[in-house]
Amino acid sequence: MWKFEEHVPVPEDFGTPLIGVTPGSILDVELRFEAVHEGILVSGNVLVDVTGQCSRCLETFEDDLEVNVQELFFYEQPSADMLAEDEDEQRWVEHDSIDLEPVLRDAVVTALPFQPVCREDCEGLCSECGIHLADEPGHHHEVVDPRWAALQGFAGEEN
């Protein structure tokens, strides 16, 4: 077993359109490499700074994300007739080395939230006027169903 602790610069495009690893930041990587019968088992944690846009209020926010990583790199590729359908999913030791970037990218990007929010209780924007609902807690609009609009004049009249 071999332990690896390193601070590496983030490669480009490490994220999705709404949220991603902060460009120019550092990946704090703590990994263990273990020799097993089939290959090399890589496991550990990655800590990254992420920057995103809230899907509710559209404000930019920053957060930390810790991701668990576990991947097995196989020593030998099986013959063509023995390859399974998921051969693209498997990683290989090539020329006595392994490429960790795709593994780290897959682990981090899949751990990012699909709909990021700046905070759990974010109320978002008003669907009528676009004002931040957090700025005006009692904000609302009287919405009259257009099918009943013609009867609105009869509300105050007495017979």
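Predicted model only: the values in this text are computed from it and were never measured. (Residues numbered from 1 in each chain as written. Predicted model: local features only at pLDDT ≥ 70, side-chain atom pairs only at ≥ 80, totals over all residues. Heavy atoms only, no water.)

1. Details of the overall build of the protein chain
Each helix and strand counted, the protein chain has one helix and six strands in total. Helices and strands in the protein chain line up, N terminus first, as β-β-β-β-β-β-α. Evaluated residue by residue, the protein chain yields a buried proportion of 26% over its 159 residues. Contacts spanning at least 24 positions in sequence make up 54% of the contacts within the protein chain whose residues lie at least 6 apart. (Helix = DSSP H or I, 4+ residues; strand = E, 2+ residues; numbered from the N terminus. Buried < 20%, exposed > 50% of the residue type's maximum accessible area, 1.4 Å probe, protein only. Contact = heavy atoms within 4.5 Å.)

2. Comments concerning the pattern of salt bridges
This structure, assessed with the given rule, holds four salt bridges. One salt bridge connects Glu101 with Arg105, and the closest N-O pair in it is separated by 2.9 Å. In this pair, Glu101 and Arg105 are both assigned in helix 1 (residues 101-111), four residues apart and thus about one turn of the helix distant. Given a relative accessible area of 36%, Glu101 falls into the partly exposed group. (Salt bridge = Lys/Arg side-chain N within 4 Å of Asp/Glu carboxyl O.)

3. A look at the packing of aromatic side chains
Summed over the entire model, instances satisfying the criterion amount to three aromatic pairs. Seen from their ring centres, Trp2 and Phe33 are 5.2 Å apart, and the 35° between their planes marks the pair as tilted. You can see Trp2 sitting in strand 1 (residues 2-9) and its partner Phe33 sitting in strand 3 (residues 26-35), a full 31 residues away along the chain. Taking relative accessible area as the criterion, Trp2 reaches 51% and is therefore assigned exposed. (Phe/Tyr/Trp six-rings, centres within 6.5 Å; stacked < 30°, edge-to-face > 60°.)

4. Focus: the pairing of strand 5 (residues 60-74)
Here strand 4 (residues 39-53) pairs with strand 5 via 15 bridges, running antiparallel. Each bridged residue has a counterpart across the sheet, and for Gly39 the counterpart in strand 5 is Phe74. What sits between strand 4 and strand 5 in their antiparallel hairpin is a turn of six residues, with Leu58 showing a positive phi close to 70°. (Pairing = 2+ DSSP bridges.)

5. Quick word on the layout of surface pockets
There is about 230 Å³ of room inside the largest pocket. Phe4, Val8, Leu100, Glu101 and Leu104 are, among the 14 residues lining the largest pocket, the residues nearest its centre. Those elements giving two or more residues to the lining of the largest pocket turn out to be strand 1, strand 3 and helix 1. Classifying every residue of the lining of the largest pocket gives twelve nonpolar, no polar and two charged. (1 Å grid on protein atoms, 1.4 Å probe; cavity = no way out; pocket = protein on both sides within 12 Å on 5 of 7 lines; lining within 4 Å. Points joined across faces, edges and corners; volume = space filled by probe spheres on them. Nonpolar A, V, L, I, M, F, W, Y, C, P; charged D, E, K, R; others polar.)

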